[in-house]
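# Coordinates in review
Next come the chains, spelled out residue by residue.
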Amino acid sequence: MMIFITILQLIAALILILVVLFQSGKSQGLSGAIGGIADSYMAKSKAKSLDAKLAKGTKWVGAVFIILTLVINCMLAAGIGA
């Protein structure tokens, strides 16, 4: 049981890393301001919707990761799986 939960936590951690890496930066600096002028309206709205989905995914996967961490901690405190 402990190995299964640990594997789930590892998978959640890897997914969390990938979701965070796929998000675009919020402050792109001067290059983002100059390059942003050339973007069309459709590209901006598509990027915003993708960023919104990635942000929501980050929250959910982060919550799963925290819950799994707490479950593992409680199991170790109770002496299960040690």
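As the structure is a prediction and not an experimental result, all values here were calculated from the model.

### Re the overall build of the protein
- Counting its regular elements, the protein contains three helices and zero strands.
- In the protein, buried positions account for 18% of the 82 residues.
- Here the contacts in the protein between residues at least 6 apart in sequence split such that 97% fall between residues at least 24 apart.
- Carbon and sulfur atoms form 76% of the exposed surface of the protein, whose accessible area is close to 6400 Å².

### Points about the confidence of the model for the protein
- With 72% of its residues at a pLDDT of at least 70, the protein reaches an overall mean of 83.
- When pLDDT is averaged over each helix and strand of the protein, the minimum, 55, is found for helix H2 (residues 29-37) and the maximum, 95, for helix H1 (residues 2-22).

### Here's the deal with the side chain of Asp51
- By the secondary structure assignment, Asp51 is in helix H3 (residues 41-78).
- Polar side-chain contacts of Asp51 include one of 2.8 Å to the side chain of Ser24.
- Those residues in contact with Asp51 that sit more than four places away from it in its chain are Gln23 and Ser24.

### Here we look at H1
- Look at H1: 30 Å from first C-alpha to last across 21 residues, which is about the 30 Å you get at 1.5 Å a residue.
- What H1 keeps buried is the set Met2, Ile5, Gln9, Ala12 and Val19. When H1 is viewed along its axis, its buried side chains cluster within an angular range of 110° and face the same direction. Exposed residues on H1 whose side chains face more than 90 degrees from its buried face are Ile3, Phe4, Leu10, Leu21 and Phe22.

### Examining the nonpolar core
- With six residues, the main nonpolar core is built from Met2, Ile5, Ala12, Leu68, Ile72 and Met75.
- Mapped by element, the contributors of at least two residues to this core are H1 and H3.

### Concerning a nonpolar patch on the surface
- A surface patch of nonpolar side chains, about 380 Å² in accessible area, is lined by Ile3, Ile7, Ile11 and Ile15.
- Tracing the chain through its elements places Ile3 in helix H1.
- Using a relative accessible area of 65% as the deciding quantity, one classes Ile3 as exposed.

Calculation notes
Residues numbered from 1 in each chain as written. Predicted model: local features only at pLDDT ≥ 70, side-chain atom pairs only at ≥ 80, totals over all residues. Heavy atoms only, no water. Helix = DSSP H or I, 4+ residues; strand = E, 2+ residues; numbered from the N terminus. Buried < 20%, exposed > 50% of the residue type's maximum accessible area, 1.4 Å probe, protein only. Contact = heavy atoms within 4.5 Å. Areas by Shrake-Rupley, 256 points an atom, 1.4 Å probe, with all protein chains shown as cover. pLDDT = per-residue confidence, 0-100. Polar contact = N/O pair within 3.5 Å; in protein donor to acceptor, adjacent residues only side chain to side chain. Expected span 1.5 Å × (residues − 1). Arc of directions from axis to C-beta. Core = buried A, V, L, I, M, F, W, Y, C linked by side-chain atoms within 4.5 Å. Patch = residues over 30% accessible without salt bridge, like charges linked within 9 Å, V, L, I, M, F, W, Y side chains within 5 Å. Salt bridge = Lys/Arg side-chain N within 4 Å of Asp/Glu carboxyl O.

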